[in-house]
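# Topology and contacts: notes
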Amino acid sequence: MKKVTLLLALILMFTVNAFAQTGIGSNKSGYKKQGNTLYFKNVNGDVQIEFCSPSMFRVRASWSRNFLADEHLMQENYNWPAVNYKITDAKSAYVIQTSALIITVIKSPFIINVSDAKGVMLSSEYVPKSGGMHHMGDTVMCTKQLMPNEHFFGFGERMDFTDQRNKLVKLNVGRGKNKDNLLGAYNINEANYCPVPFFMSTRGYGIYLHNSSGTAWDMGSKRDDEYSFKASDGELDYYFIYGPAFPVILNSYLSITGKSPLLPRFALGLHMGTYSGGTWGHEELTSDKYVIELARKMREMGIPVDILFLDSTWRLFGKNGGKGATTFEWRETFKDPKAMFDSLYAMNFKMVGLHIRPRFDNAKNLNLLDQAQAKGFTYPENGKPGEFVNFFDQQATNWWWDNGVMKVASIGAKFLKTDEGSAFGSLANESEKVGPTGKEVAQLHNVFPIAYAKAPYLKFQEYNGIRGLNQTREGYSGIQRYPYIFAGDWPSEWQYFAPVIKAGLNIGLSGVGYWAHCMGGFEHAADPELYMRWVQFGMFSPVAIVFGMDHPGYKEPWNYGAEALANFKKYDDLRYRLIPYIYSNAYKQYQTGMPLMRALVLEYQDDPNTYNIADQYLFGDNMMVCPVTVKGAQTRTVYLPAGVWFNYWTGKKYDGKQYIHILTPAYQLPLFVKAGSIIPMQPAMKYMDEKPVDVITLDIFPHQESEFTLYEDDGISLKYQQGEKAITQITVANVTGGWELRIKKPAGSYNPAPHGYLAKIHWSGDKEPSIVTENKENLKAVSRADELNSIAGWYYDKTDHLLWIKAAHSNRGDVMLSFK
């Protein structure tokens, strides 16, 4: 009996020790310096600190003393220029200095503290017992001190909160698992379509955890003086990124994981999805004729649109995987798919795409699942050939493209909607299937959606010979490269509208610049007011998509009443007119990582009033969008950050750093612009490049001195990556006795089409303008604004206080307009 008791005690002791929290151990062996990297051999494991820049470094810890090889789904860049730093052995610590940071590495216990160059503490691991790096079984973790008034932003497409201080955040691709959709699929607290293991702190730094396993981030939920992050498996590998400004931190993070590319310019126009007349349960109603008539109706009604995609009911559902798999065989109700594609392109649709899912299946005539399994091109499940395309294997990806995708690409499909990447290693949406399981799969689960989106994006980019496009629902760190995601299948109910906006703000704070959602919601019929409000928001989103599953409405603009249709056309028209502004900001996003849709905290991180604002955002550099998310609301409160602001619709001027209360008629989206804004606009169009952009309208809200950089290129090729572009610098300045608008001749290797300029100036002077000159020559005053359609001159609208100036010269030279 004593032997048994002793044995049980030993087993219990071993079990406790196996799962006890183990630190990396003290440093007694010094360090080795090699280039940008410092190597520390500690008692329990090894640590590497690698400098990427004077303000960013990577920390890796391994208790096995082995480090993982580079991967290229989450992370794009591993090569960094030489960084000048010095290290000093100060007996109990190593002090490492760059031009931006002071890093103090305490030897025992081994912890890392970081200060700025002036010695102000940014991050400390002085946490009793738990501070620093540890592991427990397969789980790796790091605990740091939570500073007073420190707040955290990022973490991907979160729908719960913007500021995550005192929250527990779990990141693993998927959605709620409860079979009751109200508590599962529609649970905003568990929505995790695109988690990103990255945050920015108001202390002026960010952390990116380079680990593909599921992670948990306790940002002070248990204790108000510490926070921690941990991964269920893999290596403890994180980047410390100093700004201190959020845009700088974001740009540095994206230097690791890659920035969003430029979309084809036409992809900034409207995308329309369709179930081809028959959603699930109504598949017999689908047809290619329905799709053609839908496109024709959009054209006849003058509703601008450029991209169309057919959702899942275009294809036959196989017996093995059903809706969750792809057969690549057309449903019999589509009589002539090639003729359908030809008809759509004849109506000047730029791209038509198709929805797929990542499993193969067999259909009536195609048995791609059997073929792929026989060739070993599916990911194994329980030691047998599985159903998922093995997108981690280039040979398997090539076979999928050649034998599956090319069956639709060869007749006209130009992109895919890659849906349900979260099903790899997890419960699928519409079945009890889990797919592959195991330790390796758990580490691949979060990056499978990236591999799944990357494959068609790059393949179609090469096949089409223009910039790639792919629409996907799930992602992880790195998904921004392939190139955009949508928010998921949220019902057409008011309660989900505001959380969807929040998701867009959080994902922009996490480095994903192109993001979309289904205007009006996806499932259920939308009431007309909700449809109108959601459309207003949708047209001021990075990517504009209208698409729904409700039968027979499908979120088509004419199915929600005359007022809703007029609202749709108004804001769709406005989006197309704003393309020069949107495209110029998209280029800035490509250069710097600043997203098109920006939470206010991104530009105003020192203003605590912005930390929890989740229903206002900046759209590009100049415009602030304030959607109305309450049914029947006749007013709403708006926060104006520091500066001077103008109401976009009325031109009314406001001082910033205050809350204002405004009227919100159903037809009007509250819009404000920063004082000094210069907003370039093109003529109205039914589709991109319907006609030449012969005149650029500059919508100007003068204030002191301001500028705008107008970006132009060919709109479709990859030549922008080699710097082929045209940059037009536009400035407005208050000079003695009046104002001066300077428009420089475009600079760069790209030669833009010729266009003139029409200035629309929101006049706020005490006196009406009386003298207007162009390049120091007087311009003629005209009696009506419409005369400026055909001649150069100027007109002052006394009612709306607008000064209109039509320049005589074009972008073939410099233009200087003076007015007072």
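Residue numbers run consecutively from 1 along every chain, following the written order of its sequence. pLDDT decides what is reported in this predicted model: residues at 70 or higher carry local features, side-chain atom pairs at 80 or more are listed and counted, and totals for whole chains, interfaces and linings draw on all residues regardless. The basis for the side-chain values is all heavy atoms of the structure; hydrogens and waters are excluded.

## Focus on the overall build of the chain
If you tally the helices and strands in the chain, you get 13 helices and 48 strands. Against the globule reference of 28 Å for 820 residues, the chain gives a C-alpha radius of gyration of 28 Å, in line with a compact fold. Dimensions of the chain along its principal axes, counting C-alpha atoms only, are 105 × 70 × 50 Å. In the chain, buried positions account for 63% of the 820 residues. Partitioning the intrachain contacts of the chain with sequence separation of at least 6 by distance along the chain shows that 67% fall at a separation of at least 24. By element, 52% of the accessible surface of the chain is carried by carbon and sulfur atoms, the whole surface being about 30,900 Å². Each helix is a run of DSSP H or I of at least 4 residues and each strand a run of E of at least 2, with the numbering of both proceeding from the N terminus. The quantity called the radius of gyration is restricted to C-alpha atoms. Its globule counterpart is 2.2 Å times the number of residues to the power 0.38. Burial status follows relative accessibility: with a 1.4 Å probe on protein chains alone, a residue under 20% of its type maximum counts as buried, one over 50% as exposed, and anything between as partly exposed. Note on contacts: a residue pair is in contact if any heavy atoms of the two residues lie within 4.5 Å. The Shrake-Rupley method, run with a 1.4 Å probe sphere, supplies the accessible areas, and residue values consider only the shown protein chains as cover.

## Concerning the packing of helix 3 (residues 288-300) against helix 4 (residues 337-346)
Where helix 3 contacts helix 4, the axes come no closer than 10 Å and their chain directions differ by 5°. As the angle between them shows, helix 3 and helix 4 are arranged roughly parallel. Packed against helix 3, whose contacting residues are Asp288, Val291, Ile292 and Ala295, the element helix 4 presents Pro337, Met340, Ser343 and Leu344 at the interface. Each residue is assigned to one of three groups, with Ala, Val, Leu, Ile, Met, Phe, Trp, Tyr, Cys and Pro labelled nonpolar, Asp, Glu, Lys and Arg labelled charged, and all others, Gly among them, labelled polar. A breakdown of the residues in the contact of helix 3 with helix 4 according to their chemical character gives six nonpolar, one polar and one charged. Every axis corresponds to a line fitted to the C-alpha atoms, with the helix fit spanning only the stretch in contact, and the corresponding angles, defined between N-to-C directions, vary from 0 to 180 degrees. Comment on the angle field: the value is read as roughly parallel under 35 degrees, roughly antiparallel over 145, roughly perpendicular from 65 to 115, and oblique elsewhere.

## With respect to the packing of aromatic side chains
Any two rings among Phe, Tyr and Trp, with Trp reduced to its six-membered ring, count as a pair given centres within 6.5 Å; such a pair is stacked if its planes are under 30 degrees apart, edge-to-face if over 60, and tilted if neither. The tally for this structure, following the rule as stated, stands at 69 aromatic pairs. On the basis of an interplanar angle of 65° and a centroid distance of 6.0 Å, the ring pair of Phe392 and Phe448 is categorised as edge-to-face. Here Phe448 lies in helix 8 (residues 448-464) and Phe392 lies in the loop between helix 5 (368-375) and helix 6 (394-409), a separation of 56 residues in the sequence. Taking relative accessible area as the criterion, Phe392 reaches 29% and is therefore assigned partly exposed. Given the relative accessible area of 0%, Phe448 is considered buried. On the basis of an interplanar angle of 85° and a centroid distance of 4.9 Å, the ring pair of Trp401 and Phe460 is categorised as edge-to-face.

## Topic: the sheet that holds strand 37 (residues 671-674)
Note: two strands are recorded as paired if DSSP finds a minimum of 2 bridges between them. In space, the six strands of this open sheet follow the order 30-31-32-37-34-35, with antiparallel pairing throughout. Of all strands in the sheet, those with a lone pairing partner are strand 30 (597-598) and strand 35 (653-655), marking the two edges. With three bridges joining them, strand 34 (residues 644-647) and strand 35 adopt antiparallel strand pairing. In the sheet register, Val644 faces strand 35, and the bridge partner there is Asp655.

## Description of helix 10 (residues 528-539)
The span one expects for a helix is its residue count, reduced by one, times 1.5 Å. A rise of 1.5 Å per residue sets the reference length of helix 10, with its 12 residues, at 16 Å; its end C-alpha atoms lie 16 Å apart and thus fit the reference within 8%. For helix 10, the tally of buried residues reaches 11 of 12 residues, placing the bulk of the element in the interior. Every buried residue of helix 10 is accounted for by Glu529, Leu530, Tyr531, Met532, Arg533, Trp534, Val535, Gln536, Phe537, Gly538 and Met539. Any pair of N or O atoms that falls within 3.5 Å is considered a polar contact. Within protein, one atom must be able to donate a hydrogen and the other to accept it, and sequence-neighbouring residues count only if both atoms are side-chain atoms. Structurally, the start of helix 10 carries an N-cap: the backbone nitrogen of Glu529 is 2.9 Å from a side-chain oxygen of Asp527.

## A closer look at the pattern of salt bridges
The rule for a salt bridge is simple: a side-chain nitrogen of Lys or Arg has to be within 4 Å of a carboxyl oxygen of Asp or Glu. As enumerated under the stated definition, the model contains 41 salt bridges in all. Here Asp224 makes a salt bridge to Arg165, at a shortest N to O gap of 3.2 Å. Of the two residues, Asp224 is situated in the loop between strand 17 (215-218) and strand 18 (226-231) and Arg165 in the loop between strand 13 (152-156) and strand 14 (168-171); the sequence distance between them amounts to 59 residues. Under the relative-accessibility criterion, Asp224 is labelled partly exposed at 48%. For Arg467, the salt bridge identified is with Asp714, shortest N-O distance 3.8 Å. Of the two residues, Arg467 is situated in the loop between helix 8 and strand 26 (471-472) and Asp714 in the loop between strand 40 (705-712) and strand 41 (726-735); the sequence distance between them amounts to 247 residues. A relative accessible area of 26% places Asp714 in the partly exposed class.

## Quick notes on the confidence of the model for the chain
The quantity called pLDDT is the predictor's confidence in a given residue, expressed from 0 to 100. Averaged over every residue, the pLDDT of the chain is 95; residues scoring 70 or more account for 97%. Here residues 1-19 is a poorly scored stretch, pLDDT under 50, and it has two contacts once near neighbours within four places are set aside; other chains count.

## A closer look at the sheet that holds strand 14
The strand order across the open sheet formed by six strands is 1-11-12-18-17-14, and the pairing between neighbours is antiparallel. Single-partner strands in this sheet number two, and they are strand 1 (22-23) and strand 14. Bridge count between strand 14 and strand 17: four bridges; the pairing is antiparallel. Bridge pairing links Leu168 to Asp218 in strand 17.

## Section: helix 12 (residues 579-592)
Side chains of residues three or four places apart in an α-helix project in the same direction, reflecting 3.6 residues per turn. Counted at 1.5 Å a residue, the expected span for helix 12 with its 14 residues is 20 Å, and the 19 Å between its end C-alpha atoms agrees. By the criterion of burial, helix 12 is predominantly enclosed, with 10 of the 14 residues buried. Taken together, the buried positions of helix 12 are occupied by Ile579, Pro580, Tyr581, Ile582, Tyr583, Ser584, Asn585, Ala586, Tyr587 and Gln589. Positive backbone phi, approximately 85°, marks Gly593, located one or two places after helix 12.

## Some points on the environment of Gly438
In this structure, Gly438 sits in the loop between strand 25 (415-418) and helix 7 (439-444). Residue Gly438 is classed as partly exposed on the basis of its relative accessible area, which comes to 42%. The spatial distance from the C-alpha of Gly438 to the C-alpha of Asn382 is 8.8 Å, given a sequence separation of 56 residues.

## Some points on the environment of Met147
One can find Met147 in the loop between strand 12 (139-145) and strand 13. Residue classification places Met147 among the buried residues on the basis of a relative accessible area of 7%. Here the alpha-carbon distance between Met147 and Glu226, two residues 79 residues apart in the chain, equals 7.7 Å. Excluding residues that lie within four positions of it along the chain, Met147 makes contacts with Met121, Leu122, Ser123, Ser124, Arg165 and Arg203.

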